[in-house]
Number of protein chains: 2
Amino acid sequence: MELDLPAPHLLFLGDITNPLDAKTAVGLRDWQPERCVGQWRLPGCTVDLGLPDMTPAAAVAAGAKSVLIGVAPLGGALAPSWISPLVDALASGLSIVSGLHQNLEGLPALSRAARAARQQLIDVRVAPENIPLASGQRRTGKRLLTVGTDCCVGKKYTALAFAKALKNRGFPSTFRATGQTGIMIAGGGIPMDAVVSDFIAGAAECLSPNAAEAHWDIIEGQGSLFHPAYAAVTLGLLHGSQPDALLLCHEAGRTAIDEYEAFEIPDLKTCINRYEQAASLTNEVARVVGVSLNTSTLSTEEAKRVCAEVSEQTGLPCLDPMRDDLAPWVAVLT
Amino acid sequence: MELDLPAPHLLFLGDITNPLDAKTAVGLRDWQPERCVGQWRLPGCTVDLGLPDMTPAAAVAAGAKSVLIGVAPLGGALAPSWISPLVDALASGLSIVSGLHQNLEGLPALSRAARAARQQLIDVRVAPENIPLASGQRRTGKRLLTVGTDCCVGKKYTALAFAKALKNRGFPSTFRATGQTGIMIAGGGIPMDAVVSDFIAGAAECLSPNAAEAHWDIIEGQGSLFHPAYAAVTLGLLHGSQPDALLLCHEAGRTAIDEYEAFEIPDLKTCINRYEQAASLTNEVARVVGVSLNTSTLSTEEAKRVCAEVSEQTGLPCLDPMRDDLAPWVAVLT
């Protein structure tokens, strides 16, 4: 699914106060900085992306083509107080790009304003129609999937960083997005969490089609096999991706599933075995080839020590892709 | 999700020639015979349920309240040649009950005829709205889930037969349906294959709510952990059901996944271990307590021998619920 997102974007932050709610905006800023002209904050917003503050009119003058909803509030709906400013943005000549569950066209004020201003309302979190059932048949080319001990441990950033590292070294590779932020960054992909359950593995097969034998698809993982709500999505994505290689993503120090504290994360060796066992159904040679450790809460020194420990413990190269050179992972694949 | 299906039904078989396409009609005939007044076959139909052939008018005279679409043609859509007869049935005073993916209201000829005749169009395969994410929290009461080595090995029939066996012996139990045929038989349930992937485990939690401590929910399984297209649905249903007990269903002699012949079915011991391992995430004590063997292709003698072999091999009571008394399974649970 390729999208033609009108760029560059003005990143909309609404009136949020929790930086974690700005995941989408942060992702765009980090991975597509040249497509972000500025941030747009309503009164009360205390989150700062470090980009110039702009009104829609100023953003249009700076070349912006769309407002990108950079926040994911609880429940996935637009706050009522945001509608009127967004109507003004449409009137100023900006389209709106959103990854929320809520459908933009379903909001009469926005759909009217978009038609009047001849601007687009683009919902990224819509599954393509006519996804086939998975066939289980092998495809040409190579695939790597990032998998996690939990949600929000760095699967998207790891995949983006690794795809970039391969590209920079001249190895043909493509980042494949499976969530709304990744899709906005890549300009395409399939939002796995919007696919009807029978078709998850089929959607994953569509996402990474036949390719040249030396080409690597680097696929953004979702959820975790150890998560009581999301393991099904994780397994379907794993089976349909048929990965040759997996990178296990973990956050240093996390011992239980976030917001499900009764669910302990197994030790990393067990996680590795379980992912390899599950992946073997559709690709017998699937192997975890490295561990990606999110060490953002640690000092440089501590991060180094913990990565060395995990490498020792698992026998696999453990890196933090936000800090380390990824040569050891590239070496395993190429 | 409780449904109020207008009964009794006239079972519609269209013009099918493959008995396997009549799965829904056969299920209703076998499990709700008192709700089936007859069968309605169009010219060319060679499948016979052994029920009286009736026109819609004759069925109305016999007390029927609805036509139940008893066939599941490839692609899940109504054949164009069936529309005009179904319009006549509505005009005769029958509602229509369907479990196809295709929405009946979306067919203008049917929706017009239904309004004119004041009859209902009931789509059973619609997921309820506002399913929450799974919480992972334990619920009161006991649960048994039927799981399979493959699709179409008897998970629904096993659950129905076992729920009935418990009830007949005075043990409180409820059959919980997860597919369209089961839902039509039970008059309620959740069609798992229509739920958006993020919410499968949540839907399974909703399906079997808190109950009295001695009460058993007997939950209809879906798919198989060893199926390259459906394993995700199987895992989500398993995690959300939090079963205390599992019955492993298998068809005698089947060695590979149906229509996916490259995928071998593991030996039964391995299947048992894998299901127990997966189930342990949300219920540590989950155990496979028996094997349900579909021996429909075998003689009585052969069936007995094979069941004895499997009992020996697995250490678990192996029965064919269409042939055997289920006392050995009841004994394990009570």
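If you're wondering where the values come from, they're calculated on a predicted model, not measured in any experiment.

(A) Structural view of the overall build of chain A. Scanning chain A from N- to C-terminus turns up 11 helices and 13 strands. Along the first, second and third principal axes, the C-alpha atoms of chain A reach 55 × 45 × 45 Å. Burial status across chain A gives 50% buried among its 334 residues. A separation of at least 24 residues holds for 75% of the contacts in chain A among residues at least 6 apart in sequence.

(B) Expanded view of the interface of chain A and chain B. Taken together, the contacts link 28 residues of chain A with 28 residues of chain B. Among the elements that make up the side of chain A that touches chain B, the one with the highest residue count is helix H8 (residues 231-241) of chain A (six residues). Among the residues forming the side of chain A that touches chain B, the class breakdown is 20 nonpolar, six polar and two charged.

(C) Quick look at the pairing of strand S8 (residues 216-219) of chain B. All names here are of chain B. Of the two faces of S8, the one carrying Trp216 and Ile218 and the one carrying Asp217 and Ile219 are both buried. As judged from the four bridges shared by strand S6 (residues 142-148) and S8, these two strands associate in the parallel manner. In the sheet register, Arg143 faces S8, and the bridge partner there is Asp217. Alignment of strand S7 (residues 173-176) against S8, held across four bridges, turns out to be parallel. Each residue of the ladder has a partner; that of Phe175, found in S8, is Ile218.

(D) Looking closely at the sheet that holds S8(B). Residues and elements named next belong to chain B. A sheet is described by the order of its strands in space; here six strands give the open sequence S7-S8-S6-S9-S12-S13, paired in parallel fashion. Single-partner strands in this sheet number two, and they are S7 and strand S13 (318-319). Both strand S12 (residues 287-294) and S13 contribute to a ladder of two bridges, which runs parallel. Counted as the bridge partner of Ser292 is Leu319 from S13. Together, S6, strand S9 (245-251) and S12 form the strand contacts of helix H9 (residues 268-279), whose direction differs from that of S9 by roughly 145 degrees.

(E) Representation of the relation of the copies chain A and chain B within the structure. Mapping chain A onto chain B is achieved by rotating through 180 degrees and translating by 0.1 Å along the same axis, at an RMSD of 0.1 Å. What we have between these two chains is a two-fold relation.

(F) Summary view of the packing of H9(B) against helix H10 (residues 300-314) of chain B. All names here are of chain B. The geometry of H9 relative to H10 is characterised by a closest axis approach of 10 Å and an angle of 55 degrees between their N-to-C directions. In terms of orientation, H9 lies oblique with respect to H10. The way H9 lies across H10 gives a crossing that is right-handed. Note on element contacts: H10 touches H9 through Val310, Gln313 and Thr314, opposite Leu268, Lys269 and Ile272.

(G) Highlighting the environment of A:Glu276. All names here are of chain A. Here Glu276 is to be found in helix H9 (residues 268-279). Taking the number of C-beta atoms within 10 Å as the measure of exposure, Glu276 has 15 and is therefore partly exposed. Each C-alpha atom of the pair Glu276 and Trp329 lies 18 Å from the other, and the pair is 53 residues apart in sequence. Contact partners of Glu276, with chain neighbours within four places excluded, come to Ala286, Arg287 and Val288.

(H) Fine view of the domain arrangement of chain A. Residue and element names in this part refer to chain A. In terms of domains, chain A is made up of domain 1 (9-123) and domain 2 (142-333). Domain 1 puts nine residues into the contact, and the matching count from domain 2 is five residues. Ranked by residue count, the leading element in the side of domain 1 that touches domain 2 is helix H1 (residues 23-31), at five residues. Counted by class, the side of domain 1 that touches domain 2 contains four nonpolar, four polar and one charged residues.

(I) The environment of A:Val26, seen in detail. All names here are of chain A. Looking at where Val26 falls in the secondary structure, it is placed in helix H1. When the 17 C-beta atoms within 10 Å are taken as the criterion, Val26 is described as partly exposed. Note: C-alpha distance between Val26 and Leu68 (42 residues apart in sequence) is 12 Å.

(J) Up close: the environment of A:Ser296. Structurally, A:Ser296 can be placed in the loop between strand S12 (287-294) and helix H10 (300-314). Remark: the alpha-carbon pair of A:Ser296 and A:Ala252, spanning 44 residues in sequence, is separated by 8.4 Å.

(K) Spotlight on the sheet that holds strand S7 (residues 173-176) of chain A. Residue and element names in this part refer to chain A. Reading across from one edge, S7-S8-S6-S9-S12-S13 is the order of the six strands in this open sheet, with parallel pairing throughout. A single partner strand is all that each edge strand has here, and the edge strands are S7 and strand S13 (318-319). Each of strand S6 (142-148), strand S9 (245-251) and S12 touches H9; the most contacted strand, S9, lies at about 145 degrees to it.

(L) Representation of unusual backbone geometry in the model. Residues and elements named next belong to chain A. For the bond running from Ala7 to Pro8, omega is 0 degrees, close enough to zero to count as cis. Following the sequence through the fold, Pro8 ends up in the segment before strand S1 (9-14). For Asn130, which is not a glycine, the phi torsion comes out positive at approximately 60 degrees. Here Asn130 is to be found in the loop between strand S5 (121-123) and S6.

About the criteria used
- Residues numbered from 1 in each chain as written.
- Chains lettered and ligands numbered in written order.
- Predicted model: local features only at pLDDT ≥ 70, side-chain atom pairs only at ≥ 80, totals over all residues.
- Helix = DSSP H or I, 4+ residues; strand = E, 2+ residues; numbered from the N terminus.
- Buried ≥ 20, exposed ≤ 12 C-beta atoms within 10 Å, placed from the backbone.
- Contact = placed C-beta atoms within 7 Å.
- Nonpolar A, V, L, I, M, F, W, Y, C, P; charged D, E, K, R; others polar.
- Pairing = 2+ DSSP bridges.
- Axes fitted to C-alpha atoms, helices over the stretch in contact; angles between N-to-C directions.
- Least-squares fit on C-alpha atoms with pLDDT ≥ 70 in both.
- Parallel < 35°, antiparallel > 145°, perpendicular 65-115°, else oblique.
- Left-handed = near helix turned anticlockwise from the far one by under 90°.
- Domains from an automatic or database assignment.

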